[in-house]
Structures are given as C-alpha cells and as structure tokens.
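# Examining the three-dimensional arrangement
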Number of protein chains: 2
Amino acid sequence: MRTIFYISDGTALTAEAFGRAMLSMFPLKVEHKTLAFVDSVSKAEQAVTKINAAYAASGERPVIFHTFVSLDIKRVITASQGSCYDFLEDFVDPLSQELGIDAQPKTHRTHGIQENGVRDSYDSRIEAVNYALANDDGSNISDYDEADIIMLGVSRTGKTPVSLYLALQYGIKAANYPLTEDDNMENLQLPKSLKLQRHKLFGLTLEAQRLHEIRSKRREGSRYASLQQCRFELQEVEKMYRREAIPFLDSTRFSVEEIAAKILAETNLERHHY
Amino acid sequence: MRTIFYISDGTALTAEAFGRAMLSMFPLKVEHKTLAFVDSVSKAEQAVTKINAAYAASGERPVIFHTFVSLDIKRVITASQGSCYDFLEDFVDPLSQELGIDAQPKTHRTHGIQENGVRDSYDSRIEAVNYALANDDGSNISDYDEADIIMLGVSRTGKTPVSLYLALQYGIKAANYPLTEDDNMENLQLPKSLKLQRHKLFGLTLEAQRLHEIRSKRREGSRYASLQQCRFELQEVEKMYRREAIPFLDSTRFSVEEIAAKILAETNLERHHY
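Here the structure is a predicted model, which means the values were calculated and not measured.

What counts, and where the lines are drawn
Per chain, the residues get numbers from 1 upward, laid out in the order the sequence is written. Throughout, the order in which chains and ligands are written sets their labels, letters from A for the former and numbers from 1 for the latter. In keeping with the model being predicted, local features are shown solely for residues with a pLDDT of at least 70 and side-chain atom pairs are shown and tallied solely at 80 or more, while totals for entire chains, interfaces and linings include all residues. Only heavy atoms go into the side-chain values, all of them from the structure, while hydrogens and water stay out. For every residue, the predictor reports its confidence as pLDDT, a number between 0 and 100. Here a residue-residue contact requires only that any non-hydrogen atoms of the pair lie within 4.5 Å. UniProt positions are given in the numbering used here, feature names are shortened, and annotations may be inferred rather than shown by experiment. A run of DSSP states H or I qualifies as a helix once it reaches four residues; a run of E qualifies as a strand once it reaches two. Both are numbered from the N-terminal end. Pairs of N or O atoms are called polar contacts if they sit within 3.5 Å, as long as, within protein, a hydrogen donor faces a hydrogen acceptor (for residues adjacent in sequence, only side-chain-to-side-chain pairs). Two strands make a pair as long as DSSP finds a minimum of two bridges between them. The angle between two axes is taken between their N-to-C directions and runs from 0 to 180 degrees, where each axis is a line fitted to C-alpha atoms and a helix contributes only its stretch in contact. Buried area: the sum, over both parts, of the accessible surface (1.4 Å probe) that disappears when the two are put together. Basic side-chain nitrogens of Lys or Arg form a salt bridge, by our definition, when they fall within 4 Å of a carboxyl oxygen of Asp or Glu. Burial here depends on accessible area, computed with a 1.4 Å probe over protein chains only, as a share of the maximum for the residue type. Under 20% is buried, over 50% is exposed, and the range in between is partly exposed. Each domain's limits were defined by an automated method or a database of domain assignments. Remark: nonpolar core denotes a set of buried residues (Ala, Val, Leu, Ile, Met, Phe, Trp, Tyr, Cys) joined through side-chain atoms within 4.5 Å. Whether two aromatic rings pair depends on their centres lying within 6.5 Å, for rings of Phe, Tyr and Trp, where Trp uses its six-membered ring; planes under 30 degrees apart make the pair stacked, over 60 edge-to-face, and the rest tilted. Both a distance and an angle decide whether a charge sits over a ring: NZ of Lys or CZ of Arg must be within 6 Å of the ring centre and within 35 degrees of the ring normal.

### So, the confidence of the model for chain A
The predicted model of chain A averages 89 in pLDDT, with 93% of residues at 70 or higher. Here residues 108-118 of chain A scores under 50 on pLDDT; set against residues more than four positions off or in separate chains, the count is 30 contacts.

Written out as structure tokens, the structure is:
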C-alpha cells in the first residue's frame, strides 16, 4: 500500500487538510503518517529515512504533502525519494500581490492564538464547548436563551457529536434536546419549553435501519433498538418537524462535518470562529 | 475590510481549510463568508452578485477560495470581480500521474462516509466522542483500560476540549481526570486508579495568570480563582508530572488543534481517522 506523509515544521494540520482534500479526488486505499514539528535539519533527515524506507518496503513511491516555513528543512524533504506537493508555494505569491502585503510565514501561525483578537475567537470556542456540554441531552432548558441553535432528534441520531463539532470548529453554542417517550411519542407535540425557541430549532433524523443498527450496539434485542420502534419514532418526529415547520436533515449518509456544513448553509448561522 | 469568500458546490470545508491556511500567511483583518452547496448556475449567479456587492461596498477586491466539481458552475464564479484561487486545479493532474489513476471528483466526497471502510472510521469517531463524554472529569474510572490516552490537569486547563477534539477529529478515545483538592494538593501523589495506566497519561498545565483569568470568569473573587491558588496548584501538579515522568504541555499559547497535534507528535498515538 502507498504511504502518504504529512510533514511540517509546525503542527502539520495544514498539510493534513491539503492532503486529505487532494486524496479525496482519488479512490485509493492508503496508509497515513503525520510527521509534525520537523523543525531541524536532523529531524528532516530522520523523516527522509522514514520516507525512503516506506518506498523500499512497499515498492510504491510515497506521496508527501508538506508545508515548511524553513527553506533549509524543506530542501532536505524534497530531496527524498517521495513525490512532494507543497500547495503554499504556488499560491502565496499571487495572493501576496493581490493583498498588497508581504507574506509573513510563522511556524504555528495558522492555528495559533497569538494574534490580536484570535484569543477572543479561541475563547468563544471553549465557551461554546462548555455550553454544549452543559446543554447536552435537554439537561439545562433554562439556558436556551443563550443558544445559537438547538438540535432536536430521537435518541442516537447524532445530536451530541454535531453540537460539539459546531462548538469546537465554529464557536457556535449548540444545545440539544432529545425527543423521548417522555414527550409522548404517539402524536408527538413540540415540547412547551421549546416553543419560544422555535426559530433556533433544527431537527436530525436517520434512516430507520441505520438507527436500529446504532441502537442495537447499545442495547441489543431491546424494544428501544427494534426496527419497529425506530421506524415509529422517526415517523412521529418527522411528522412533527413538518407540522411545526422545523428545518431538518436526514444524516444517514453524512459525516459530522457535512451535517454541520449543511446546517450552517440552511440556517445562515454566523460562525464565531473561522 | 476585505471580504473572503469560501465557495463550493459541496460543503466548502476544503475551500475553508485551504483559504484559512493561505490567509494565515498574512497579518490581515478580514471578513469571512462561506457559500456552500452552490450547485447550480443560478445559485452561482447569486454568489457572484454577493461577491460584486462586497467589492462595491468596501472598494477592496474580494478574495475567493473555491473548489468546484462542476466546470460550468466554476466558470460563473471565476467570471466575478473577485480574485479567485482554486488549489485543486494545479495539483490534481500531477498527483493523478503519480498515482497512475484518474481523479474521480465527486461532490461531497472529501468528507463523506459513502466509501468502503470510511463508515468504520466514522463510527470510530462517534464512539470516541461517546467515550470522551462518559469519561469526562474522572467520572468513570473503570473504563480506563479502553482509553487511548488519559488527560490530567487541574480544573480549567483545557482537558475537556482537547479530549473532544481528539475524539472528533481523530477517533482517539481520550479520558480525562481532573486533579482536585480531593487528591490532596499539598504533596500531590498520582492517584492510585491511574498508576496502572501510567503509559497513557498526558498532563496539561497553564501559566498561572491565564488560569486565574479563566477561573475568575467562572467564580470571580473565589479562593479557587485566586492567583495564589492557581500558582500553588500548577506548581504541585507540575512537580508531580516531573516526579512521575508524565509527559506534559503548557497549553497557554496554543489552540486546541495545536495542543492535539503536539500530543500526537509526542505520544505517537495512532489516529483512527484521517
């Protein structure tokens, strides 16, 4: 199998993002390796040893996605036997001209919190995570005024991961409210506590078969996990979404990132962090 | 202020990642706008209207980071008055040659879970998030055998966001254990329940001033938030990390992403998801 290396003198987060996007274009099974903080020539030489060893072992040329601030270190990597891709190189100069300012590459700059104002944005994310945790599973209804969005759905439809992702990635305060038997599933009504927050509601749903699988991992053979019960709950909840004009999404075929992106596109929610 | 647009016929997550990385090279305050799911010519025309309006309003040419599968739609965007950057264009052909296979761009492919095996990786992340939540704040010591890593630290040093990030981004099962007065801060010892898991431990610490600020937001004027108490707790905990040879990190100047990257680099923890 071909090995893909993500290498940088910083966190390698940018190299990973770049490489992932590139590889998504190709249907290919690969092995991934991240080498972060390769910030000296001797560490770069060790990285080259690993690259060349991967080539020798598999017979397939490793693919290297790299972003280096230091040119000396970069040269060591590009002299390896790997096939190297550096996306910064091709784009920084044209963008610099457009912006009318020089690039000031700094290791760590991409994801750091040193800049003015970025501390605020960092704090907004931590605050949002704390908010999501405190408002997970309908546990803290009194705080809903503060919510940017309130996720609805029956048990195990992915409300919690999506809420946490919105918080961590975008600093969005996402509460979530599980619709359960306590809400009287037959002829499901919108819970009273949510009526005043209607403009913030967003529903999740799933295919019944998928929900059945997920719940079965948790409580195999239970009524809760049965296909029949899953089908019933999903039907009732979707009926309620439609009746109340709550926007909703079937998340069966989407990753957490995609669900978040779709919610943001549909609600025009403002990101507090980019 | 200059407006930056991230536009795609998919989630625009790749355009955002690409643009963020590019902009990190320039010290510049900008306004961000994501236009996702621009998947028809008429939607693209609406996007162009927004781009041109942003130009007219600010007098500064908007910068467009875009990734399109559809060439027809792309053409509409690149004919706008914005300065357009498409990082896929320059790299896909060379990589295709290297890999010996044709690119098969699919909307949604990057972050989707349609592919073989990717469902597993998706599940590993959701499982890891559930694990992190169940093992937050030392609440569930019995599950530590299952942990990939156990984060240690005094209250408010960022254990929870880091654990959740490791789970959501990489599918890593991260427990976290808060060191509190209950552990007898004076002459702090490694809690018994953690001794068998020593190889999984990773400590967080902060500058006392920063911890004082964070705790003050929570309980202003309390002993808990006092600079003296913060200093004392951090001293004791760092002494313990050193004595027990537990790797640790001062997270004061780093974002959640950076902390996670540093932990992964230092521990060689395997990512379950890329």
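### Observations regarding the UniProt feature "binding site: ADP" (unreviewed entry) in chain A
All names here are of chain A. UniProt records the feature "binding site: ADP" (unreviewed entry) at G153, V154, S155, R156, T157, G158, K159 and T160, using the numbering of this structure. You can see T157 is positioned in the loop between β5 (149-154) and α6 (159-170). If we ignore the near neighbours within four places in the chain, the residues touching T157 are L204, T205, L206, L211, L234 and S251. Polar contacts involving the side chain of T157 include one to the main-chain carbonyl oxygen of V154, which spans 2.7 Å. Along the polypeptide, K159 turns up in helix α6. Ignoring anything within four residues of it in the chain, the contact list for K159 reads M151, L152, G153, V154, N176, Y177, P178 and L204. Within the structure, K159 has its side chain in polar contact with the backbone oxygen of V154 (distance 3.0 Å).

### A closer look at the sheet that holds strand β1 (residues 2-8) of chain A
Read from one edge to the other, the open sheet built from 4 strands follows the order β2-β1-β3-β4 (chain A), with strand pairing classed as parallel. A single partner strand is all that each edge strand has here, and the edge strands are β2 (30-35) and β4 (83-85) of chain A. Sheet twist, expressed as the mean angle between neighbouring strand axes with direction ignored, is 20 degrees. Looking at chain direction, β1(A) and strand β3 (residues 63-67) of chain A are connected through 5 bridges and run parallel. For I4(A), the partnering residue across the bridge sits in β3(A) and is V63(A). Sheet strands in contact with helix α2 (residues 41-58) of chain A are β1, β2 and β3 of chain A, and its direction is about 170 degrees off that of β1(A). Its contacts with the sheet place helix α4 (residues 87-99) of chain B against β1, β3 and β4 of chain A, and it is angled at close to 165 degrees to β4(A).

### Topic: the interface of chain B and chain A
In this complex, chain B contributes 79 residues to the contact, which on the side of chain A involves 80 residues. For the pair chain B and chain A, the two sides together bury roughly 7,600 Å², of which 66% comes from carbon and sulfur. Along the contact surface separating chain B from chain A lie 8 salt bridges. Where E98(B) meets R61(A), a salt bridge forms, and the shortest distance between an N and an O atom there is 3.2 Å. Remark: the boundary between chain B and chain A carries 12 residue pairs in polar contact (both at pLDDT 80 or more).

### Some points on the pairing of strand β7 (residues 201-205) of chain B
Consecutive side chains along a regular strand alternate between the two faces of the sheet. Residues and elements named next belong to chain B. Burial analysis of β7 places 5 of its 5 residues in the buried class, which makes it a mostly covered element. Alternating residues of β7 divide into L201, G203 and T205 and F202 and L204, and every residue in both groups is buried. Pairing analysis gives 3 bridges linking strand β5 (residues 149-154) to β7, with the strands arranged parallel. Paired with I150 across the strands is L201, a residue of β7. Strand direction decides the pairing type here: β7 and strand β8 (residues 248-250), joined by 3 bridges, are parallel. In the strand pairing of β8, T205 is matched with D250.

### What to know about the environment of V129(A)
Examined against the element boundaries, V129(A) turns out to sit in helix α5 (residues 118-134). Spatially, the C-alpha atoms of V129(A) and L168(A) are 6.2 Å apart, while their sequence positions differ by 39 residues. Sequence-distant contacts of V129(A), defined by excluding residues within four places in its chain, comprise A167(A), L168(A) and L164(B).

### Here we look at the domain arrangement of chain A
What the domain assignment lists for chain A is domain 1 (2-99) and domain 2 (118-267). Just the C-alpha atoms count here: the centres of domain 1 of chain A and domain 2 of chain A sit 38 Å apart.

### Description of the nonpolar core
With 52 residues, the main nonpolar core has I149(A), L166(A), I149(B) and L166(B) as its most contacted residues. Among the nonpolar cores identified, the runner-up in size contains 40 residues, and V92(A), L99(A), A21(B) and L99(B) belong to it.

### What to know about the packing of aromatic side chains
For the coordinates displayed, the defined rule picks out 13 aromatic pairs over all chains. Plain terms: the ring middles of F91(A) and F91(B) are 6.4 Å apart, the flat faces sit at 35 degrees to each other, and that makes the pair tilted. Placement of the pair is F91(A) in helix α4 (residues 87-99) and F91(B) in helix α4, with the two residues belonging to separate chains. Comparing F91(A) with F91(B), the two get one shared label, buried. Aromatic ring contacts, followed pair by pair, group Y6(A), F18(A), F65(A), Y85(A), F91(A), Y6(B), F18(B), F65(B), Y85(B) and F91(B) into a single cluster. When the ring centre of Y170(A) is taken as origin, the NZ or CZ atom of R271(A), which lies over that ring, is 4.9 Å away. Above the plane of the ring of F254(B) lies K262(B), whose end atom (NZ or CZ) is 4.4 Å from the centre.

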